[in-house]
Amino acid sequence: MKKNKLKVIVIGIDGACWEIIEECKKHFKLQGFSLFLEKGLHGVLKTVIPPATSPAWKCYSTGLPPEKLDLFHWYVFDPKSKRIKLLTVKKNFKEIWDYLSEHGFKCVVINTPLTYPKKINGVLIAGPPLSGEKNFVYPKKYEKILKLLFKYRVCMRSTLQISNLLPEKIHLLLKTFGILEILKLAYLRFKVAKYLWKKLSPDFMQVTIFYTDHAQHYLANEFDKRLLLLLWKAIDRLLYNFIKSIEKTEKDNVIFILMSDHGHTHFKYTFLINNWLYRIGLLKIKLWPQVKNSAKSILFNLIRKNKPIRTFLLSKLGYSFLYKRLSNRIAGLRIRDKHKTSVKEILYEFIRRVFKEHVFKLKITELVNVIDWKRTLAFAPDWYYIFINADWNSKKFRKIREFLIKKLEDMRTPSKSQVFSSVVPGEIIFPEDICKKYGFSIIFIPEKSVRIDVKFCFANTCWMSVNHDEWSSVHTLKGIFGVYGRNLQTGKFIGEISILELAPMILSLFGIEKPNKLSEKVISLLRRKAVIISK
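None of the values given here were measured: they were computed from a predicted structure.

(A) Highlighting the overall build of the protein chain. Helix and strand content of the protein chain: 21 helices and 22 strands. The 535 residues of the protein chain split such that 56% are buried. Across the protein chain, the fraction of contacts at a sequence separation of at least 24, relative to all contacts at a separation of at least 6, is 73%. For the protein chain, the exposed surface amounts to about 24800 Å²; the carbon and sulfur share of it is 55%.

See the structure below:
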């Protein structure tokens, strides 16, 4: 095994961005993040397109772009079959810990998304969401140790997606339980990292906190913002304690790298892009005649005429719970009718009143089944691109694409602000063969105030406001990057660095060459520290 005086610890926090950290600093004293901001190097980490969790983490660990990995999101659209296919992660690409293991360096990898328990020189603990609670560790013997000593879990059991139909106090209580579970899982990651650092003394360690991204999605609204800031304060404390505990065992030979897979931003508007394509006549739906009616009438008739659906809803909601929950809401109905209202009537009235505020949505997997593909010219399978249903080299394709790009560039929100910051042909971002394979006819990046939703809603609008039970924050291209270690320049802002440069940067610190364009500014500073240590 090679001996290297320099050791590297990478701390990944899913969805972290400097904006939320700066906002948190206004309310609380942050010690962990301040180590990177005031006593180390910090900058902006530019992620890949699309800025999604699934491609970003693999692009970081391999140093390869999404088109090389054939990985773009949790699902992909197949233009030939016109169907949605779930994510498949190819296992033939080497990652940072594979290269280091081949050169004799000991590695520990904890909770990185889309990892699986494969053989490395050290320990690999797979992360969510693809890994379950069994067979998630290499070597296998450490799985029993983790469960016995730490009661280790991979996945979160609760959720922060709480219905806003619940009373305010219950809504807040359930979200608080979710935050506490996220903190418990983060605490377990750092606790296991300390244990394995002391036991194995690795040359390289990767520790990842995953469910912060889930919290960002659901807690960025004004109603829940306080909970989100408290979460980041607690994460900061865990980060600070971990770094200081490592520094006690080492002298000057550890470099801490802080990074995220993408950033986050709060949005004001949701743009229903497939509704818009439907309204301008490029998307055609083949559905039952009631589609022309309002959403509440559709669901009312569907339940009234369909006994299996009616039975399913009643069994899920529960007769007694439903009756107690809705007794006040239907009081007016009872007085008007002057007779005892049945549970079925209560359910119908509840749905009718709820749908004054909500609309019926088709998920993307349902939408592709009801599209009339013979007449449809354009369709948005995901929130970052549009598929044009025409031959790629045809005049018809070019004409439709030019029309859509112009329309999207000129589009404005209800407050007259711009919707898209960038709208380009797919081949500008990805190779043409990849664009043809996955239907990347047009690729766009929305402005920070806008979320693109590909669900099809039975509503006479293309715009929706934010609800407390839905996302209130979306991914952006700009995440966080920081480096901390003794003898480094303090408080230096290094600008923007690509997420694809991190793997070759880390490998270069261990003397392993990997062909890629490197960020010379950062590497030169880190190599200077490596020279100091080696002397």
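(B) Spatial organisation of the nonpolar core. Core analysis: the largest hydrophobic core is formed by 68 residues, its most contacted members being Ile11, Phe33, Ile125 and Leu196. No other element matches helix H7 (residues 168–200), which puts 12 residues into this core. With residues up to four places along the chain from it excluded, the contact list for Phe33 reads Ile13, Ile21, Trp232, Ile235, Asp236, Leu239, Leu258 and Ile480. In this structure, Leu282, Ile285, Val368 and Trp383 belong to the second largest nonpolar core, which totals 54 residues.

(C) Representation of the environment of Val109 within the structure. With respect to the helices and strands, the residue Val109 is situated in strand E5 (residues 107–112). Between the alpha carbons of Val109 and Met205 there is a distance of 5.8 Å; along the sequence they are 96 residues apart.

(D) Highlighting the packing of aromatic side chains. Counted by the stated rule, this structure contains 30 aromatic pairs. Plain terms: the ring middles of Phe72 and Phe430 are 5.1 Å apart, the flat faces sit at 80° to each other, and that makes the pair edge-to-face. With a gap of 358 residues between them, Phe72 in the loop between helix H4 (66–69) and strand E3 (75–78) and Phe430 in the loop between helix H18 (426–429) and helix H19 (432–438) connect regions that are remote in the sequence. Exposure remark for Phe72: the relative accessible area of 0% places this residue in the buried category.

(E) Quick peek at the sheet that holds strand E19 (residues 463–464). Spatially, the 3 strands line up as an open sheet ordered E17-E11-E19, and their pairing is mixed. Sheet topology places strand E17 (450–453) and E19 at the edges, where each strand pairs with a single neighbour. Two elements, strand E11 (residues 269–272) and E19, share 2 bridges in a ladder whose sense is antiparallel. Paired with Phe271 across the strands is Trp463, a residue of E19.

(F) Expanded view of a nonpolar patch on the surface. On the surface, a cluster of nonpolar side chains totalling about 440 Å² of accessible area is made up of Ile170, Leu173, Leu174, Phe177 and Leu180. Its location among the elements puts Ile170 in helix H7. By relative accessible area, which is 40% here, Ile170 ends up partly exposed.

(G) Quick peek at the side chain of Arg189. Inspection of the secondary structure puts Arg189 in helix H7. For the buried residue Arg189, which engages in no salt bridge, the nearest side chain bearing the opposite charge is Glu133, 7.2 Å off. At 3.2 Å, the side chain of Arg189 forms a polar contact with the side chain of Tyr152. Discounting residues that sit within four places of it in the chain, Arg189 has contacts with Ile110, Asn111, Tyr152, Arg153, Val154, Val207, Thr208 and Ile209.

(H) Region of the structure containing the pattern of salt bridges. For the structure shown, the criterion picks out 18 salt bridges. Between Glu23 and Lys225 there is a salt bridge, with its nearest N and O atoms 3.1 Å apart. Of the two residues, Glu23 is situated in helix H1 (residues 18–25) and Lys225 in helix H9 (residues 225–249); the sequence distance between them amounts to 202 residues. In this structure, a network of salt bridges that share partners links the residues Lys58, Glu95, Asp98 and Lys118.

(I) Seen up close, the pairing of E17. Judged by which residues are buried, E17 turns out to be covered on both faces: Val450 and Ile452 on one side and Arg451 and Asp453 on the other are all buried. Two strands pair when backbone bridges link them, and E11 and E17 are joined in this way by 4 bridges, in the parallel orientation. Each residue of the ladder has a partner; that of Tyr269, found in E17, is Val450.

(J) The arrangement of the sheet that holds strand E14 (residues 385–388) in detail. Taken in spatial order, the 4 strands of this open sheet run E13-E14-E16-E15, and their pairing is antiparallel. Edge positions in the sheet fall to strand E13 (378–382) and strand E15 (420–425), since each has one partner strand and no second. Neighbour-to-neighbour, the strand axes of the sheet open up by a mean angle of 25°, direction not taken into account. In this structure, E13 lies alongside E14, joined through 3 bridges in antiparallel fashion.

Quick notes on the rules
- Residues numbered from 1 in each chain as written.
- Predicted model: local features only at pLDDT ≥ 70, side-chain atom pairs only at ≥ 80, totals over all residues.
- Heavy atoms only, no water.
- Helix = DSSP H or I, 4+ residues; strand = E, 2+ residues; numbered from the N terminus.
- Buried < 20%, exposed > 50% of the residue type's maximum accessible area, 1.4 Å probe, protein only.
- Contact = heavy atoms within 4.5 Å.
- Areas by Shrake-Rupley, 256 points an atom, 1.4 Å probe, with all protein chains shown as cover.
- Core = buried A, V, L, I, M, F, W, Y, C linked by side-chain atoms within 4.5 Å.
- Phe/Tyr/Trp six-rings, centres within 6.5 Å; stacked < 30°, edge-to-face > 60°.
- Pairing = 2+ DSSP bridges.
- Patch = residues over 30% accessible without salt bridge, like charges linked within 9 Å, V, L, I, M, F, W, Y side chains within 5 Å.
- Salt bridge = Lys/Arg side-chain N within 4 Å of Asp/Glu carboxyl O.
- Lys, Arg positive; Asp, Glu negative; His and termini not counted.
- Polar contact = N/O pair within 3.5 Å; in protein donor to acceptor, adjacent residues only side chain to side chain.
- Axes fitted to C-alpha atoms, helices over the stretch in contact; angles between N-to-C directions.

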